Amino acid sequence: MSDIVLHRTPTPTSAERRAEILANPVFGHYFVDHQLLADYSADGGWGPMRIEPMGTWQMHPAAAVLHYGQEIFEGLKAYRRADGSVWLFRPEANAARFARSAARLGMPAVPETDFVEGIRRLVELEHEWVPDPAGEQSLYIRPFMVASEPYLGVRPASGYTFCVIASPVGAYYDEPVTLWLTPNYTRAAPGGTGAAKCGGNYAASLDAATEAEQEGCGQVLWTDGAERKYIEECGTMNFMFVSRDGELVTPALTGTILAGITRDSLLTLAERHGLTPVERRVTVEELFDGVESGYVAEAFACGTAAVVTPIVGFKAPGGVHHVVADGKPGAKTKEMRAALVDIQYGRAEDPFGWTQRVC
Ligand code: PLP
Ligand code: COI
């Protein structure tokens, strides 16, 4: 893809309007002035990346994504530090996961160096949209790829569009969350697309999310699709708990769970905080019994958008309601969250080389 052509918008957002938006950036509601685009054809491969004014695109009504959902996406953030500089967190990990998702959905790989370079260029251009670190706001970056070939047969498309948009954001969840164990739905089956970040996984989760809301819960805690016996993850986050014995336990990646970058980062940080990282299968029974016995001392969920969100309880059909410890965010949860965001915002040193400066 190499050189990136820039077509500047003739109507950029005014500094006053941007300041108004950055004062209260509702998640995913406002967008920076430009988007990064590249088109792929089976004959020519990837065309050049270009930065265009933010706005609508034209798409043929027969485009494969509109019919069969051949789409993948990513999520990462740019953070402003106290000195005004702007940094990305582990973009190479997003590039690698995007490539894995592409392979699973029968899509062409975006070269990982181009993926990162394209994001760097867009963020550099739009650096004024990266909020101040107060309130832990950031610029959420959403790379995605859609099948654009107009063709109604079911096969991998021969044409694709890769795009990156960005949106200033605050917290995804304002409050600790209670999770709902749905009796009616599963998210991912063995051999399915659970480990890929594809739109279809999220479309299929929406009805269960509505069910969770009706039950007064903020999210679904998904169980495995084969036996409904094992805990997997939440709709937009990975799940973890802190045991009384000082373990940080999270479901093992069995092929049906998204390999979260936040998950991986927290597992890496665990030992510095006196916790032993453990990836294993966890049954619903073990979780619920553990909450009741006090073995599960704290629980939280983690992801780029949600950061570290405390889980204070679990609900299941039949009036089952288990409250974790005293129903408040746990001390290790707060400590792990602070450790992660301090690295992201440059308030703590980054011994892992996770952060990279854009400008
Ligand atoms: N699981 C699901 C289903 C998600 O949508 C996300 C969010 O990206 C995660 C887990 C967490 O992944 P990450 O930490 O890479 O954002
Ligand atoms: C993210 O955390 O980046 C996600 O993709 C979650 C989301 C679907 C909002």
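Residues numbered from 1 in each chain as written. Chains lettered and ligands numbered in written order. Predicted model: local features only at pLDDT ≥ 70, side-chain atom pairs only at ≥ 80, totals over all residues. Heavy atoms only, no water.

S.K.: Can you lay out the site of ligand 2 for me, pointing to particular residues and giving the numbers?
M.R.: In the neighbourhood of ligand 2, the contacting residues comprise F73, G75, Y140, R142, Y172, K197, Y202, T236, T304 and A305. Taking Y140, its side chain carries an N or O atom lying 2.6 Å from an oxygen atom of ligand 2. Contact distances for ligand 2 include 3.5 Å between an oxygen atom and a backbone N or O atom of T304. The fraction of the free accessible surface of ligand 2 (280 Å²) that becomes covered by protein chains is 91%. Taken together, the residues that form the shell around ligand 2 break down as five nonpolar, three polar and two charged. (Near = heavy atom within 4 Å. Polar contact = N/O pair within 3.5 Å; in protein donor to acceptor, adjacent residues only side chain to side chain. Areas by Shrake-Rupley, 256 points an atom, 1.4 Å probe, with all protein chains shown as cover. Nonpolar A, V, L, I, M, F, W, Y, C, P; charged D, E, K, R; others polar.)

S.K.: Can you explain the site of ligand 1? Please cite residues and give values.
M.R.: Residues in contact with ligand 1 amount to 17 residues; listed here are only the nearest, R97, Y202, E233, T262 and T304. At 2.5 Å, a side-chain N or O of E233 approaches a nitrogen atom of ligand 1. Here T262 contributes a side-chain N or O atom positioned 2.5 Å from an oxygen atom of ligand 1. Elements represented by at least two residues in the shell around ligand 1 include exactly β12 (231–234), α7 (261–269) and β16 (296–303). The residue inventory of the shell around ligand 1, partitioned by class, reads six nonpolar, seven polar and four charged. (Helix = DSSP H or I, 4+ residues; strand = E, 2+ residues; numbered from the N terminus.)

S.K.: For the domain arrangement of the protein, give the residues involved together with the corresponding values.
M.R.: Each domain of the protein was delimited in the assignment, giving domain 1 (5–169) and domain 2 (177–344). Domain 1 puts 21 residues into the contact, and the matching count from domain 2 is 22 residues. Surface buried jointly by domain 1 and domain 2 totals about 1,800 Å² across both partners, of which 56% is contributed by carbon and sulfur atoms. Counting the surface domain 1 buries against domain 2, the share from its top three residues, F73, F89 and R97, is 31%. Linking domain 1 with domain 2 are two salt bridges, by the criterion used here. Among the ionic pairs, R337 bridges to E136, the shortest N-O distance being 2.5 Å. (Domains from an automatic or database assignment. Contact = heavy atoms within 4.5 Å. Buried area = accessible area lost by both parts, 1.4 Å probe. Salt bridge = Lys/Arg side-chain N within 4 Å of Asp/Glu carboxyl O.)

S.K.: Go over helix α6 (residues 206–214) with me, naming the residues and quoting the values.
M.R.: Buried within α6 we find A208, E211 and A212. All buried residues of α6 project into a common sector of 100° when viewed along the axis, lining one side. Opposite the buried face of α6, at more than 90 degrees from it, the exposed residues are L206, E213 and Q214. Looking at the buried side of α6, the elements it contacts are β10 (177–180) and β11 (219–223). Of the residues trailing α6, G216 is marked for its positive phi of about 80°. (Buried < 20%, exposed > 50% of the residue type's maximum accessible area, 1.4 Å probe, protein only. Arc of directions from axis to C-beta.)

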